[in-house]
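Report on the structure
One-letter residues, chain by chain:
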Amino acid sequence: MTQAQLAQGHAPLLAVRDVSVVFGGIIALNGVSFNMNKGAILGLIGPNGAGKTTLFNCLSRLYQPSSGDILMEGASILTRPAHKIAEIGIGRTFQNVALFPNLSVLDNVRVGTHARTSSDIISDSLRLAWVRRGETETNRKVHEILAYLDLENVAHTVVSGLPFGTQKRVELARALAADPKILLLDEPAGGLNHEEVYVLGDLIRRIRDERHMTVLLVEHHMGLVMSIADHVVALNFGRKLAEGTPAQVQADPDVIKAYLGSKDQ
Amino acid sequence: MSAAEEVVTEAPAIEAVPKRAMTLGLGTSLVVLAALAIAPLFVKNFIIFQMTMLLIYALAVLALNILTGGSGQFSLGQSAFYAVGAYTSAILMEHFGMNYALTLPIAGVICFAFGFVFGQPALRLSGVYLALATFALAVAMPQLLKLGFFEHWTGGVQGLVVTKPDAPFGLPMSQDMWLYYFTLVIAIGIYIASINLLRSRSGRAFMAIRDNEIAASAMGVDVALYKTLAFGVSAGITGVAGGLGAIAVQFVAPDGYTITLAISLFLGMVVGGVGWLPGSIVGSAFIIFVPNIAEGISKGLSGAVFGVLLFLVIFLVPHGARQVAMVAQQMLGKLKKN
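Below is a short write-up of the structure. (Residues numbered from 1 in each chain as written. Chains lettered and ligands numbered in written order. Predicted model: local features only at pLDDT ≥ 70, side-chain atom pairs only at ≥ 80, totals over all residues.)

In this section: the overall build of chain B. Looking only at helices and strands, chain B has 15 helices and 2 strands in total. For chain B, whose C-alpha radius of gyration is 20 Å, the value lies close to the compact-globule estimate of 20 Å for 338 residues. In terms of overall dimensions, chain B has a C-alpha envelope of 65 × 60 × 45 Å along the principal axes. Out of the 338 residues in chain B, the part that is buried amounts to 49%. (Helix = DSSP H or I, 4+ residues; strand = E, 2+ residues; numbered from the N terminus. Rg over C-alpha atoms; globule rule 2.2 N^0.38 Å. Buried ≥ 20, exposed ≤ 12 C-beta atoms within 10 Å, placed from the backbone.)

All names here are of chain B. Look at helix H3 (residues 45-71) against helix H12 (residues 259-272): their axes get within 9 Å of each other, and the N-to-C directions meet at 75°. In this view, H3 runs roughly perpendicular relative to H12, as classed from their interaxial angle. For the pair H3 and H12, the contacting residues are Tyr57, Ala60, Val61, Leu64, Asn65 and Thr68 in the first and Leu265, Phe266, Gly268, Met269 and Gly272 in the second. A class-by-class count of the residues in the contact of H3 with H12 yields 7 nonpolar, 4 polar and no charged. (Axes fitted to C-alpha atoms, helices over the stretch in contact; angles between N-to-C directions. Parallel < 35°, antiparallel > 145°, perpendicular 65-115°, else oblique. Contact = placed C-beta atoms within 7 Å. Nonpolar A, V, L, I, M, F, W, Y, C, P; charged D, E, K, R; others polar.)

Here His152 of chain B shows up in helix H7 (residues 151-154). Considered as a pair, His152 of chain B and His95 of chain B are 57 residues apart in the sequence and their alpha carbons are 9.8 Å apart.

Residues and elements named next belong to chain A. Phi angles above zero are rare outside glycine, and Glu73 is one such case at about 50°. When you line up the elements, Glu73 lands in the loop between strand E4 (67-72) and strand E5 (75-76). The phi angle at Phe237 is positive, at roughly 50°, despite the residue not being glycine. If you trace the backbone, Phe237 turns up in the loop between strand E9 (231-236) and strand E10 (239-244). We classify Phe237 as partly exposed; it has 15 C-beta atoms within 10 Å.

Here the focus is the pairing of strand E2 (residues 26-36) of chain A. Within a regular strand, the side chains alternate between the two sheet faces. Residues and elements named next belong to chain A. Bridging between strand E1 (residues 14-23) and E2 involves 7 bridges; their strand directions are antiparallel. By the bridge assignment, Phe23 is partnered in E2 with Ile26. Hairpin connection between E1 and E2: a loop of 2 residues separates the two successive antiparallel strands, and Gly24 in this loop has a positive phi of roughly 60°. (Pairing = 2+ DSSP bridges.)

Moving on, we get to the nonpolar core. Ranked by internal contacts, the top residues of the largest apolar core, which has 172 residues, are Leu217 of chain A together with Leu59, Ala60 and Met219 of chain B. Residue contributions to this core peak at 15 residues, all from H3 of chain B. Those residues in contact with Leu59 of chain B that sit more than four places away from it in its chain are Ala187, Ile190, Ile237, Val240 and Ala241 of chain B. (Core = buried A, V, L, I, M, F, W, Y, C linked by C-beta atoms within 7 Å.)

On the side of chain B, 35 residues touch chain A, which itself brings 39 residues to the contact. For the side of chain A that touches chain B, the residue count by class is 16 nonpolar, 16 polar and 7 charged.

Our next topic: the sheet that holds E2 of chain A. Residues and elements named next belong to chain A. With respect to topology, 4 strands assemble into an open sheet ordered E2-E1-E4-E5, the strand pairing being antiparallel. Either end of the sheet is taken by a strand with one partner, and the two such strands are E2 and E5. Here E1 pairs with E4 via 5 bridges, running antiparallel. Each residue of the ladder has a partner; that of Ser20, found in E4, is Ser67. Packing of helix H2 (residues 52-59) onto the sheet brings it into contact with E1, E2 and E4, and relative to E2 it is tilted by some 65°.

The next thing to look at is the pairing of E9 of chain A. Residue and element names in this part refer to chain A. Of the strand pairs in this sheet, strand E3 (residues 41-45) and E9 are connected by 4 bridges, and their pairing is parallel. When the bridges of E9 are listed, Leu42 appears paired with His231. Two elements, E9 and E10, share 5 bridges in a ladder whose sense is antiparallel. Note on E10: the bridge partner recorded for Val233 is Glu243. Between E9 and E10, which follow one another and run antiparallel, lie 2 residues, and Phe237 among them has a positive phi close to 50°.

Another aspect to go through is the sheet that holds strand E8 (residues 214-218) of chain A. Residues and elements named next belong to chain A. Taken together, the 6 strands give an open sheet; going across it, the order is E6-E7-E8-E3-E9-E10, and neighbouring strands pair in mixed fashion. Two strands close off the open sheet at either side, each with one partner strand: strand E6 (90-92) and E10. Sheet twist, expressed as the mean angle between neighbouring strand axes with direction ignored, is 20°. Where H2 meets the sheet, its contacts fall on E3, E6, strand E7 (182-186), E8 and E9, and the angle it forms with E7 comes to roughly 145°. Here helix H7 (residues 194-210) sits on the sheet in contact with E3, E7 and E8, set at roughly 155° to E8.

Another point: the packing of helix H4 (residues 78-96) of chain B against helix H5 (residues 100-122) of chain B. The geometry of a pair of packed helices is captured by two quantities: the angle between their axes and the separation between those axes. All names here are of chain B. Where H4 meets H5, the axes come as close as 8 Å, and the angle between the chain directions of the two elements is 140°. Handedness of the H4/H5 crossing: right-handed. Every residue of H5 that contacts H4 at Phe81, Val84, Gly85, Thr88, Ser89, Leu92 and Met93 is listed here: Tyr100, Thr103, Leu104, Ile106, Ala107, Ile110, Cys111, Phe114 and Gly115. Considered class by class, the residues forming the contact of H4 with H5 number 11 nonpolar, 5 polar and no charged. (Left-handed = near helix turned anticlockwise from the far one by under 90°.)

The next thing to look at is helix H13 (residues 279-297) of chain B. All names here are of chain B. The terminal C-alpha atoms of H13 lie 26 Å apart, and with 19 residues this matches the ideal 27 Å at 1.5 Å per residue to within 8%. Of all the bends in H13, the greatest, near 35°, is centred on Phe289, and the proline Pro291 appears no more than four residues after it. Along H13, the positions that sit buried rather than exposed are Gly279, Ser280, Ile281, Val282, Gly283, Ser284, Ala285, Phe286, Ile287 and Ala294. Looking at the buried side of H13, the elements it contacts are H3, H12, helix H14 (302-316) and helix H15 (320-337). (Expected span 1.5 Å × (residues − 1). Bend = angle between axes of the 7 residues up to and from the residue.)

Nothing here speaks to function; it is all geometry.
The following block contains the structure:
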């Protein structure tokens, strides 16, 4: 964080600084920068191939940016391996749902607590007293989240058999189980019908307010983004096209051109 | 759009069972346990010896099941871990005069370390490639054991003769029967510990990796660590089984631990049901008794008969003993309703 921001006293929770990603000769992201403030819902929009998911994968350390930096509470996350991202409070869902298909809903969400718990194989094998206490605590927390997302009735069902919409909620539950500070949602409305999208928007806002999280929302569904986001960043061809309030971004001529094509085409 | 996304949506290579179905109910467990405890009182020593081997191979199959059914990694190299366990016990007993029971935890720890270290290069491989790498290990092991360099300890091609222990405290039972109960206690202990492990945070990490590595990593699971741990645990249990095997057979020799043993254990796992721990003993029974049955049907064509029997099992019950158990459970459920 810069001196100026320190002086202002509101350093961003997450800062994306001039991040570029190059695959072979293709520039997937080109010098993208933006800040996320605590408690905000930030919408990341853009046409297919704009680089939204690439950016997401940089945040969860699946991709290494070619240049630039990503700071979480002022510290770079780029020195951390992918499995040490959850513990600093970055949780995510995946575009096409990446659950553990053979595990029950309960176990999927239990895996979500992995970063917040500890154990070793010997204590686990012997089921020592402290392991049992930890499991009791994990179960309490997992059941609270399942109740919160109305998943209690499918708790023991294997996830591969559940409808897509329910699987998406299970994924959200799994992300919440790690107590993230920032929740990265990759196209949560994909595959949902109109009414479900409305309910989802409500749910995301509730999660932000009641569970005190900051949300980064990658979404195609403009209605959803515009209705719940406080701040919107628009990407196209790996560059930041526009940034501002939903109304500002919606009115931006470059954004309109990117989505609808220009008049002279 | 990207490589990572493709991996995310890829279906798991192994069909697995949810954790709840990984074990037997308490009632069934007690019945099986009672049968195992009482049976040796009514049979001859040779049968007791065979039952001991049944438990020992069941442990080795269980170990492979934790690796493949639990963490989703293939291994055709279990015979190498079994051999290391067997030789560790044999050398400690015969060269150092150590008590047989004390050699087993040492065999387990050495094999755990061996498996953990072997798991490191295996991290870069998956599926059939991992199977090939472990296959190489199994092929190399008998020759390594024959090396002149180790001959003073291993006895080279001749192997080592191991003394069979007597029943302690002057208990009135034969050596075979004592060893059977000794093995049974160890097998039950390892079985319970394995179930605890798979039901714990570590076990969930194994299964998360099996189902989706990228998602597991996003949840904070150290994929490399847990994959190598799974190899270590599997090798450690196989090593204990190997040590027990050496004591029961009273002999270790390089050619007792060839790739054939590794393939048998793999077969046992499939027949018992991948990922279903109680199936291990059924798989073990298959690899011990079915070759004998085949020989009984036709001495000259025993291999072919075995092949036909194996084919029938795979064709009729592709999910092995687990499938049989589930069908039986459903039928019982229907009977209760009527």
